[in-house]
Amino acid sequence: MKWNEICPRKGIPLVTKPGCTFCDDCVRFLKQKKKTFKKITTNDAIENCFTKKFHAYPYVPKIIVDDSFIGGYDELQKYFQKKKKAHKQYKEKIMRNIK
């Protein structure tokens, strides 16, 4: 099995395990942001594919954005904060150029 066989073509892959509160927090966060995602319940095959594609990371959740592993729940929040800040700066730059 290869990572691209597991991973959705669109959306954010979210590797989880049952009972993981951080995984549940990621699901709520992504739903709140109205982002498309796919929960992938981890097992040995998933972990092997993940390690071959990215690197060993013994924790869940594992979040992949734009085919890059970004980390867990905290990193997911930081990623969207940076993205929001960059978008705001872009809009401000456009507005300055219009005036």
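Note that the coordinates shown come from a computational prediction; the quantities given were computed from them, not determined experimentally.

## Comments concerning the overall build of the chain
Scanning the chain from N- to C-terminus turns up four helices and four strands. Reading the chain from its N end, one meets helices and strands in the order α-β-α-β-α-β-β-α. Taken against the 2.2 N^0.38 rule, which gives 13 Å for 99 residues, the C-alpha radius of gyration of the chain at 16 Å runs more than 25% over that of a compact globule. Dimensions of the chain along its principal axes, counting C-alpha atoms only, are 55 × 25 × 20 Å. Taken over 99 residues, the chain has a buried fraction of 32%. Residue pairs in contact within the chain that sit at least 24 positions apart in sequence constitute 56% of those at least 6 positions apart. The positive charge centre, built from 24 side chains, and the negative charge centre, built from 10, are 9 Å apart in the chain.

## A short note on a nonpolar patch on the surface
On the surface, a nonpolar cluster with roughly 430 Å² of combined accessible area is contributed by Tyr90, Ile94, Met95 and Ile98. In this structure, methionine 95 sits in helix H4 (residues 73-98). Given the relative accessible area of 45%, methionine 95 is considered partly exposed.

## Some details on the side chain of lysine 62
Tracing the sequence through the fold places lysine 62 in strand S3 (residues 62-65). Dropping the residues within four chain positions of it, lysine 62 is found in contact with Pro13, Leu14, Val15, Glu47, Phe50, Tyr57, Phe69 and Gly71.

## Points about the sheet that holds S3
Strand order in this open sheet of four strands is S2-S1-S3-S4, and the pairing throughout is mixed. Looking at which strands have only one partner, the edges of the open sheet turn out to be strand S2 (37-41) and strand S4 (68-71). Strand-to-strand twist in this sheet, taken as the mean axis angle between neighbours without regard to direction, amounts to 25°. In this structure, strand S1 (residues 12-16) lies alongside S2, joined through five bridges in parallel fashion. Pairing of threonine 16 across the sheet is with threonine 41, part of S2. Strand contacts of helix H2 (residues 21-32): S1, S2 and S3, with the helix running at about 160° to S1, the strand carrying the most contacts.

Rules behind the numbers
- Residues numbered from 1 in each chain as written.
- Predicted model: local features only at pLDDT ≥ 70, side-chain atom pairs only at ≥ 80, totals over all residues.
- Heavy atoms only, no water.
- Helix = DSSP H or I, 4+ residues; strand = E, 2+ residues; numbered from the N terminus.
- Rg over C-alpha atoms; globule rule 2.2 N^0.38 Å.
- Buried < 20%, exposed > 50% of the residue type's maximum accessible area, 1.4 Å probe, protein only.
- Contact = heavy atoms within 4.5 Å.
- Lys, Arg positive; Asp, Glu negative; His and termini not counted.
- Charge placed at Lys NZ, Arg CZ, Asp CG, Glu CD.
- Patch = residues over 30% accessible without salt bridge, like charges linked within 9 Å, V, L, I, M, F, W, Y side chains within 5 Å.
- Areas by Shrake-Rupley, 256 points an atom, 1.4 Å probe, with all protein chains shown as cover.
- Salt bridge = Lys/Arg side-chain N within 4 Å of Asp/Glu carboxyl O.
- Pairing = 2+ DSSP bridges.
- Axes fitted to C-alpha atoms, helices over the stretch in contact; angles between N-to-C directions.

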